[in-house]
Structure formats: structure tokens, C-alpha cells
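Letter by letter, the chains look like this.
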Amino acid sequence: MKIFFIVLTAIILILITLSISWFLTMKANGKCPLCAIKKITKPRKITMDISEMPDYDNGVAKTPPMGWSSWNTFRNHIDQDMIMEVAHAMVDSGLADAGYKYVNLDDCWQSSMRDADGKLQGDLKTFSRGIPQLIKDINELGLKVGLYSSNGTHTCEDMPASLGKEDLDAKTMASWGCEFFKYDFCHSKPISGDCPSIEKIELNGIDEENIECELTLNPEDAELTGRAKVIKLSELPSGKAIAYLNHGAGAASFRIITLPEGKYALTVVHQKTFRRRESYAQITVNGKMHEIFFPYGKGFSDSGRTQIIVELKDGENIITIQNPVATVADSSFVQYKRMGEALKNASQEWAKFTDTEEKPIVYSICEWGTAMPWDWGKKAGNMWRTTHDIMPIWKSIELLYKFTVNKYECAGPGGWNDPDMLEVGNGKLTENENKAHFSLWCMLASPLMLGNDVRKFVDGSNNAVDGNAALKIVTNKHLIAIDQDTLGKPAKRIKKSGSVDILARPLANGDVALCLFNKASRNRNVHFNLNELLNDEYLNISSSAEYELHDLWDDERANASIVSASLPKHSVKVYRIKSL
């Protein structure tokens, strides 16, 4: 025991010594050590101030997107013929008429190599006709096509991904006519919160008209905010630099009125960092943000030069440099927003270039909920995963529901909580479990992306299979109307009665959708007085002596003020409530 305490004490002393050394080294190199600690203490929390940023608005997903995705059933075994069979089945089975419009190809549609121009391309064997032709063929059926990549160096199946190639890949998707894009999180490479100390900024014209125009901005020319400050750095030729720009510590702004309008090379002269990763900064010029990555130093000199191209206007120009990234969540936001803006710009530019109607791309952020995307998703995309992947087992479905139901205030028209694709018809889920799964996703205002083999919904004559239980569930028009309600307010859990959750969702015409959900593994009886709904401002239901109850599964109507139901295990009752 005595040896144990000696070893433990030695370890603690070593950690304290290392921490003090790290702290002093950070300060000596012009870094804010206290700011960097956010990365450790609250990594999943976004610390950037995004309150003034506008919501992501590309004109689509005003109601939750509906369609089909290849992953849940087919994984990495997809090809062009199978995808066309699925598309035809969606039309012939009535799924398309019910609102399921997107045919989404998940991972492994792409070749392991980009083409000669660096662009993504379809697998040269399984999608030999090319993705543009496939999209054209599916569009002719009245359906839309979605594609997939990952916010990392590779996709989850180790195919080429889009990190660092966002603009190129977005333009490729838009030129093909893609209208849905799922962006995964595999092989992610977080942005560093580190930022080097800045010795000076140099501007020189690169347009023919102002090729002789040059300007050097020194530390004393900057307006410093936050903890940013000028420090002495003997390693640099000037002996001074702007420091404390790391991990959201502060910012340096320069005001310029002496240069004419045009394109300029902006050179950041900075202290080299000898850490084994890139450091980072955002340079905002007149409101347009540019990202700049500083390589870690391997040379013999202490200062480095990193350039970007910027545009200046006539009159006053404001250039601000900072690194607002303090946590992994900040990094995720910056990277996912980067791709979102690229997609939005690409679809607009392609429509303008071809003089055709724009095809906006629904942007699905598949970040698995690790960085709490419900806090920032509406600023970056159209939908965001709240959880890790779903599985066709009841515990998985119940867990994803529990995690998402409390996020109701974060979603609305144009931006939706996504607890992942539907598993209706997959695995060994019972009919009651399939109904409950579908009902809960509709109550949560979730995107409805089928994950089963919809080819089973049609017979040999390309007609819908009568009596197919899964098809009847996912085409229930009353539940779909709840999911697609234009008010766009997800359900709120208004009461927990033992193992029964009572959910209510306000609807555009003043009705309320009510769901009684039995989570238990045995039957439960429920009695609920509808007048309890009057106490909740979120629902905004009108008072009534009696209400019309429309049972959305049995399609029966009755008038009452109290709902009484017997719920089998893992089942729901869903009603549309109207004040009389």
C-alpha cells in the first residue's frame, strides 16, 4: 500500500510539473492557456457566439424531408440497377404519391479514386453508367436523388470524402442535379484552437490596375478586442507580435482606406508553431470570412508566411483576424457550416450558369449528436442527427426517441431534429413496434427516410402488394399529415405517467396531435383529461366542453373530454384533437 501511494504521488507531481510547463510555454509563445482549457472542460459545447448569424435558408425542407436511403438494408452493396429498381418500386407502390420523393445513395456509391480533375465519380463498375445519368433517369420518374460524403479525410467505408474539397464536391453535386446531401462524421479531423502570434499583415495588389499597390499592417495598427494584445517576441525580426488570438481569446481588426478596389494577396507573417498539427485563423474582410491554415513548422527560421486572396472595395475596409474555435463543437460547427454554404452557393451558381431553375440541395448534417448539433444546426443546415446510428431493435428505437424528444424547441421549418432513418419492416420488430416507431418519428417532426427494401412492396406486375403491413404503416396519410404539418412544431412530452409518455404537438389549423406511448413490456391502461392541454402555452389549444378525437390508426372518430385507452406493450395510440 505504501508503494502505491508513493507511485501515485510521483504521478501527480509529474502531471503538475507538465501542466505548469505547458502553461508557461503557452504564455511565452503568446497563447492564452486559460482559453485553451475550454477544449478539455466542455468539448461538446459550442462557445462561439452565433446568435447574430442568420438561420441556414436555402428555400427547402420547410417540412421534414421524406424518402428512402440505401444504408440500413444494403450497406455497401449497392449498384445502379438495384437503385433503379428501388426508384420504380417507390412509384409503383404508391410511396411517391404518399410524399416519399428522395432516393438517397449512402456510402459506397463513389469510386475509391477521384477523376482526372479531382472530382468525385461513381464506382466504375457498380455505377458504370455514371451518377449524372442515374440521377436523370430517376428524375424522369418524378423523384429526386440524394448523395453522401463525410466531413473527414475518408467516408465511413474509407472512400474519398470532402474535407478540404467542399467547394469542388458541392459544385460536382449541383452539376449532377443532386437534391439531397448527407454529410457524415467519419475520419473527422478537428480544427485546432491554436493560432500563431501575428507579426504583421501585408497586402499587395494582383489585379492589373493595382499591381503596384502595397500596404503593411503592423501590430500597432490593430484594434484589439478580448484578450488579444501585443507582446515582445525576440524570435521574430520586428521583435513583437499580436498574441492571444487562440481558442477564442481575442481578435485583431485593421481599418484600411488607402487601397483601391480589387483583388489582393493577403500575407500573414507569423511565428512558426512547432506542434505536430496545423493551427488556424479566420480572416474576415468586410463581412466575408476566409479560413487560413498554418502548417506546423519544420524549417530553420522562426517566422512563416501564409497567404490568401481577398477582395477590397473602394473606401473603408475592415479586416479582422481571430481563431474562435475553442472546442470540438466549435470545430464541427465551422466545418459543417462550410459545406452548407458551399452547397447553397453551388446550386445557385449552377442554375445561373445553365440558365435553368435552381435545384436547392437539402443538407443533412450527420454528426451523430456528439457536439450537440441541435444548438447550432439551424445555422448550418436543414437537418441534423441527434443520435448515433439506429438499429432494427426496439431498445435502439426507444433510446433514440428518449434522446430526441426533449429537443423539440430546437427544430422548425427549414431545420429538423433527425433521430436517424426508419427501421419499419426491418429486423424482428413487431407490428405494434413498427407503428410506434413510425408514430413517434411523425410526432417528433422527424425526416421520414425509409431504410427497408421497398422492392418488396410491389409484386411481379409492379403493383402494390395488398396487405403488406410495413407499406400500410409508412403510407398512413393521417400520420404523414402530422409529420408534414406546416406549423413545424415538434411534439412536447407533456406528461409521464409511469411507463407511459403523453406527447402533444400543435398543428397549423389549431388542432393538436396527441400520442399515448407505452414503453413498458406489458399492457397499460391510460386515462387522460384533455383539458390538461389548456395549461400549456406551447400547444395553444382552444378551450372546449368536448373535443373531437380522431384515432389516426383505426380511423375512427368520437367526441369526448377524456381519452381512455388500453395500450399493449411497446405500442401507441395517436389522436388528432379538435375543439368543438
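A. Broad picture of the sheet that holds strand S24 (residues 547-551). With antiparallel pairing, six strands are arranged side by side in an open sheet as S20-S21-S22-S27-S24-S25. Every other strand in the sheet has two partners, leaving strand S20 (492-497) and strand S25 (556-560) as the edge strands with one partner each. Between one strand axis and the next, the sheet turns through 25° on average, direction left out of account. Pairing between S20 and strand S21 (residues 500-506): five bridges, direction antiparallel. From the neighbouring strand, serine 497 faces S21, where its bridge partner is valine 500. Taken strand by strand, helix H10 (residues 394-405) contacts S20, S21 and strand S22 (512-518), and its axis lies near 50° from that of S21.

B. Summary view of the packing of aromatic side chains. Summed over the entire model, instances satisfying the criterion amount to 18 aromatic pairs. Considering the side-chain rings of tyrosine 183 and tyrosine 336, the 5.5 Å spacing of their centres and the 80° angle between planes classify their relative orientation as edge-to-face. Residue tyrosine 183 is located in strand S4 (residues 180-184), and its partner tyrosine 336 is located in helix H9 (residues 328-354); the two are separated by 153 residues in the primary sequence. With respect to burial, tyrosine 183 and tyrosine 336 carry one shared label: buried. With centroids separated by 6.3 Å and ring planes inclined at 35°, the aromatic side chains of phenylalanine 185 and tyrosine 336 adopt a geometry described as tilted. One end of the pair, phenylalanine 185, is in the loop between S4 and strand S5 (198-205); the other, tyrosine 336, is in helix H9, with 151 residues separating them in the sequence.

C. Main features of helix H5 (residues 80-92). Over its 13 residues, H5 runs 18 Å from end to end, which matches the ideal 18 Å to within 8%, given 1.5 Å per residue. On its buried face, H5 sits against strand S1 (66-69), helix H4 (71-74), helix H6 (95-98), strand S2 (102-104) and helix H7 (131-139). Of the residues flanking the end of H5, it is glycine 94, one or two places downstream, whose phi is positive at about 95°.

Thresholds applied
- Residues numbered from 1 in each chain as written.
- Predicted model: local features only at pLDDT ≥ 70, side-chain atom pairs only at ≥ 80, totals over all residues.
- Heavy atoms only, no water.
- Pairing = 2+ DSSP bridges.
- Helix = DSSP H or I, 4+ residues; strand = E, 2+ residues; numbered from the N terminus.
- Axes fitted to C-alpha atoms, helices over the stretch in contact; angles between N-to-C directions.
- Contact = heavy atoms within 4.5 Å.
- Phe/Tyr/Trp six-rings, centres within 6.5 Å; stacked < 30°, edge-to-face > 60°.
- Buried < 20%, exposed > 50% of the residue type's maximum accessible area, 1.4 Å probe, protein only.
- Expected span 1.5 Å × (residues − 1).

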